[in-house]
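Commentary on secondary and tertiary structure
In case you want the letters, here they are:
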Amino acid sequence: METNRLSPTIQAALNAQMTNEAHNSQIYLAYASWADDQGYGGISNFLFRHANEERNHMMKFLEYILKRGGKVKVTAIPDPGPDPVSVNDCFEKVFKSEVENTGKIYKIVEMSMAEKDWATWNFMQWFVKEQTEEETLALELLSKIKVAGGAKAQNDALYTLDQELGKTPDDAILAQDVTVEKP
């Protein structure tokens, strides 16, 4: 008896996204290692936490595919690419990676709507919200780095940023959650 409730195209897209989440984890892991090597322990800690979060996203895709009766296909994870050349470059790359990931998430949402796969559409809504948080957080970090001097930030500003990022929460406040009392 066939128990797979995923179409071949949705199953392939979910497997590709699972690999993409693993790749994003590797990117954060590489950048965290770079930051630690540069002496930015707070930034490193922040990035290591996000590497773990991306790995958790990978597992969500894996579990979903299995629970829908699909076949998980584990493939090679692409290389994370070159190390950042500065803290500014690091977070520009993080932002770019998150925006690219959002586009991939949206494509799966579009596919699930086109195929009327409402279970997958519903599953993907968590990721839509998550990507909104990730992009917002990356933009907030880029704004802080810009205030610190951007690509030309001095060591004292980077030190302060490093200390702050070690304590920065992993979530961002989203526009839909803002009120007059809590802007």
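Residues numbered from 1 in each chain as written. Predicted model: local features only at pLDDT ≥ 70, side-chain atom pairs only at ≥ 80, totals over all residues. Heavy atoms only, no water.

1. Looking at the overall build of the protein chain
Formally: In this text, helices come from DSSP runs of H or I with a minimum length of four residues, and strands from runs of E with a minimum of two, each type numbered from the N-terminal end. Any residue under 20% of the maximum accessible area for its type is buried, any over 50% is exposed, and the rest in between are partly exposed; the area is computed with a 1.4 Å probe on protein chains only. Whether two residues are in contact is decided by their heavy atoms, any of which lying within 4.5 Å being enough. The accessible surface values rely on the Shrake-Rupley method and a 1.4 Å probe; as for residues, cover is taken only from the protein chains in view.
The helix and strand inventory of the protein chain stands at five helices and zero strands. Sequence-ordered secondary structure for the protein chain, helices as α and strands as β, is α-α-α-α-α. By principal-axis analysis of the C-alpha atoms, the protein chain measures approximately 65 × 45 × 20 Å. The buried share among the 183 residues of the protein chain stands at 45%. Put simply, 81% of the contacts in the protein chain that link residues at least 6 apart link residues at least 24 apart. Accessible surface for the protein chain amounts to roughly 10,200 Å². Of this, 57% is attributable to carbon and sulfur atoms.

2. Describing the packing of helix 2 (residues 41-67) against helix 4 (residues 118-148)
How we decide: Only the stretch in contact is used when a helix axis is fitted, and all axes are lines through C-alpha atoms; the angle between N-to-C directions ranges over 0 to 180 degrees. Roughly parallel here means an angle under 35 degrees, roughly antiparallel means over 145, roughly perpendicular means 65 to 115, and every remaining angle is called oblique. Amino acids outside the nonpolar list (Ala, Val, Leu, Ile, Met, Phe, Trp, Tyr, Cys, Pro) and the charged list (Asp, Glu, Lys, Arg) are all regarded as polar, and Gly is one of them.
In contact at an axis separation of 12 Å, helix 2 and helix 4 are set at 170 degrees when each is read in the N-to-C sense. Judged on the interaxial angle alone, helix 4 and helix 2 are roughly antiparallel. Note on element contacts: helix 4 touches helix 2 through A119, T120, F123, M124, W126, F127, E130, E134, L137 and L141, opposite F46, H50, E53, E54, H57, K60, F61 and Y64. A per-class count over the contact of helix 2 with helix 4 returns 10 nonpolar, three polar and five charged.

3. With respect to the environment of A51
Considering the arrangement of structural elements, one finds A51 in helix 2. Sequence-wise, A51 and I27 are 24 residues apart; in three dimensions their C-alpha atoms are separated by 7.5 Å. Non-local contacts of A51, meaning those with residues more than four positions away in its chain, are made with S25, Y28 and L29.

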